Amino acid sequence: MTAGLIDGKAVAARVRAALKDDVSAFIARTGVQPGLATVLVGGDPASEVYVANKRKSTVASGMADLHQHLPEDASQAEVESLLRRLAADPQVSGILLQLPVPAQLNAAPLIDLIPFEKDVDGLTTLSVGRLAQQKPGLRPCTPAGVIELLDAYDVPIEGANVVVIGRSELVGRPVAQLLVNRNATVTIAHSRTRNLAEVCRAADIVVAAVGVKGLITAEHIKPGATVIDVGIHRGPEGLSGDVDFGPAAEVAGLITPVPGGVGPMTIAMLLVNTLRAAELQYELAGAAATA
Ligand SMILES: Nc1nc2c(c(=O)[nH]1)N[C@@H](CN(C=O)c1ccc(C(=O)N[C@@H](CCC(=O)O)C(=O)O)cc1)CN2
């Protein structure tokens, strides 16, 4: 392997340590303990693990765990009613609906019930619009984590040619938007892109978020490029990503592993967003009281 490893676990641990201090300072200043309501519908095994980790990390950082669990067969109206209640509850600083939701539910209108100041996943229509317009707001966790990793390893973003492979609302589109907002030149590649390897080889930074195990190989990587792998696939040999790690690491300059790369940043940035949400609500309440 010639590439340097981007250690997401170490960066996430640093972000979380700094956040813990910031949470203590916020509580001391305001008397308010930030609280995160994770909403899990059903029992998808991977989601159960992710939500359990989110809850544990929330408590470890000094914030309140306000988790809600609904049964697998919950109706759209039941989830709506829970989200409306959480939206109105002043104890709840942040709300997230764990994805994917069971097939009988339509996630988009449910997510849009989350007020923008509690939208710690940054996935509501309002948050997406605010990101596009470069207005302040809460940014989606995995994309924000990708930017944090690039910054932690001093990878220049401004003026860089970046290829994002994947156009999902959770990762591909928002990470492309965040990179554009940092003055990168961004290409979004997807399943209909012609000559994917050639397109990727023009990139200084490749962000693989396509959901196809091992799709990105050494032939997609320009020598010395930075490779960020957002994919997570469970197989008999354990976890792997969208990037065929061994061969790609022979060509890349820097590369994230799976596990231990982008994944840990998702939860770290969720915690950061939860404190930001609490700060935002405190400011909004103060502004309303003096109006
Ligand atoms: N509402 C949301 N749903 C989902 C999101 C999200 O950001 N918001 N992202 C993913 C899942 N996810 C968080 O929810 C998530 C994925 C991976 C990790 C992580 O730490 N991965 C580790 C490996 C952990 C393991 O053993 O499985 C790693 O890559 O090192 C954290 C969170 C979909 N749903």
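- The name an unreviewed UniProt entry assigns to the chain is Bifunctional protein FolD, from the organism Subtercola frigoramans.
- According to its UniProt record, the chain has this under Subunit (unreviewed entry): "Homodimer."
- Listed under Function (unreviewed entry) in UniProt, the entry text for the chain is "Catalyzes the oxidation of 5,10-methylenetetrahydrofolate to 5,10-methenyltetrahydrofolate and then the hydrolysis of 5,10-methenyltetrahydrofolate to 10-formyltetrahydrofolate."

### Considering the environment of Val171
So, point 1. Structurally, Val171 can be placed in the loop between strand E6 (161-165) and helix H7 (172-181).
So, point 2. The class of Val171 is buried, set by a relative accessible area of 9%.
So, point 3. For the pair Val171 and Ser47, spaced 124 residues apart in the sequence, the C-alpha separation amounts to 17 Å.
So, point 4. Each residue touching Val171, except ones within four places of it in the same chain, is listed here: Thr142, Pro143, Ala209 and Val230.

### Focus on the packing of aromatic side chains
So, point 1. According to the stated counting rule, one finds one aromatic pair in the structure shown.
So, point 2. An angle of 80 degrees between the planes, with centres 6.1 Å apart, marks the rings of Phe26 and Tyr282 as edge-to-face. Of this pair, Phe26 sits in helix H1 (residues 8-30) while Tyr282 sits in helix H10 (residues 263-290); the two residues are 256 residues apart in sequence, bridging distant segments of the chain.
So, point 3. Residue Phe26 is classed as buried on the basis of its relative accessible area, which comes to 2%.

### Brief notes about the pattern of salt bridges
So, point 1. For the coordinates displayed, the defined rule picks out five salt bridges.
So, point 2. For Glu237, the salt bridge identified is with Lys213, shortest N-O distance 3.9 Å. Remark: Lys213 occurs in the loop between strand E8 (205-208) and strand E9 (226-229) and Glu237 occurs in the loop between strand E10 (233-235) and strand E11 (238-240); sequence separation between them is 24 residues.
So, point 3. A residue is classified by how much of its surface remains accessible, and Glu237, at 64% relative accessible area, is exposed.
So, point 4. For Lys213, a relative accessible area of 44% corresponds to the partly exposed category.

### Details of the UniProt feature "domain: Tetrahydrofolate dehydrogenase/cyclohydrolase catalytic" (unreviewed entry) in the chain
So, point 1. Listed under "domain: Tetrahydrofolate dehydrogenase/cyclohydrolase catalytic" (unreviewed entry) in the UniProt record, and renumbered for this structure, are residues 6-121.
So, point 2. Span residues 6-121 is 49% helix and 14% strand, its end C-alpha atoms 24 Å apart.

### Comments concerning H1
So, point 1. Here H1 spans 32 Å end to end across 23 residues, near enough to the 33 Å set by a 1.5 Å rise per residue.
So, point 2. For H1, the set of buried residues is Gly8, Val11, Ala12, Val15, Leu19, Val23, Phe26 and Thr30.
So, point 3. Buried residues along H1 sit against helix H6 (141-152) and H10.
So, point 4. Put simply, Asp7 is the residue that caps the front of H1, since its side-chain oxygen is 3.2 Å from the backbone nitrogen of Lys9.
So, point 5. Taken from the residues just after H1, Gly31 is the one with a positive phi, measuring 75 degrees.

### Let's talk about the site of the ligand
So, point 1. With respect to spatial proximity, 17 residues lie near the ligand, and among them Lys54, Leu97, Asp121, Arg234 and Gly260 are the closest.
So, point 2. Note that an oxygen atom of the ligand is positioned 2.6 Å from one of the side-chain N or O atoms of Lys54.
So, point 3. The backbone of Gly263 places a nitrogen or oxygen atom 3.4 Å from an oxygen atom of the ligand.
So, point 4. Notes on the ligand: free accessible area 680 Å², of which the protein chains cover 82%.
So, point 5. Put simply, the parts of the chain that give the shell around the ligand at least two residues each are helix H2 (45-60), strand E5 (94-97) and H10.
So, point 6. By residue number, the principal contributor to the shell around the ligand is H10, which donates four residues.
So, point 7. A breakdown of the residues in the shell around the ligand according to their chemical character gives 10 nonpolar, four polar and three charged.
So, point 8. Of the residues that make up the shell around the ligand, three or more belong to each of domain 1 (31-115) and domain 2 (141-264).

Cut-offs used in this document
- Residues numbered from 1 in each chain as written.
- Predicted model: local features only at pLDDT ≥ 70, side-chain atom pairs only at ≥ 80, totals over all residues.
- Heavy atoms only, no water.
- UniProt positions renumbered as here; feature names shortened; annotations may be inferred.
- Helix = DSSP H or I, 4+ residues; strand = E, 2+ residues; numbered from the N terminus.
- Buried < 20%, exposed > 50% of the residue type's maximum accessible area, 1.4 Å probe, protein only.
- Contact = heavy atoms within 4.5 Å.
- Phe/Tyr/Trp six-rings, centres within 6.5 Å; stacked < 30°, edge-to-face > 60°.
- Salt bridge = Lys/Arg side-chain N within 4 Å of Asp/Glu carboxyl O.
- Expected span 1.5 Å × (residues − 1).
- Polar contact = N/O pair within 3.5 Å; in protein donor to acceptor, adjacent residues only side chain to side chain.
- Near = heavy atom within 4 Å.
- Areas by Shrake-Rupley, 256 points an atom, 1.4 Å probe, with all protein chains shown as cover.
- Nonpolar A, V, L, I, M, F, W, Y, C, P; charged D, E, K, R; others polar.
- Domains from an automatic or database assignment.

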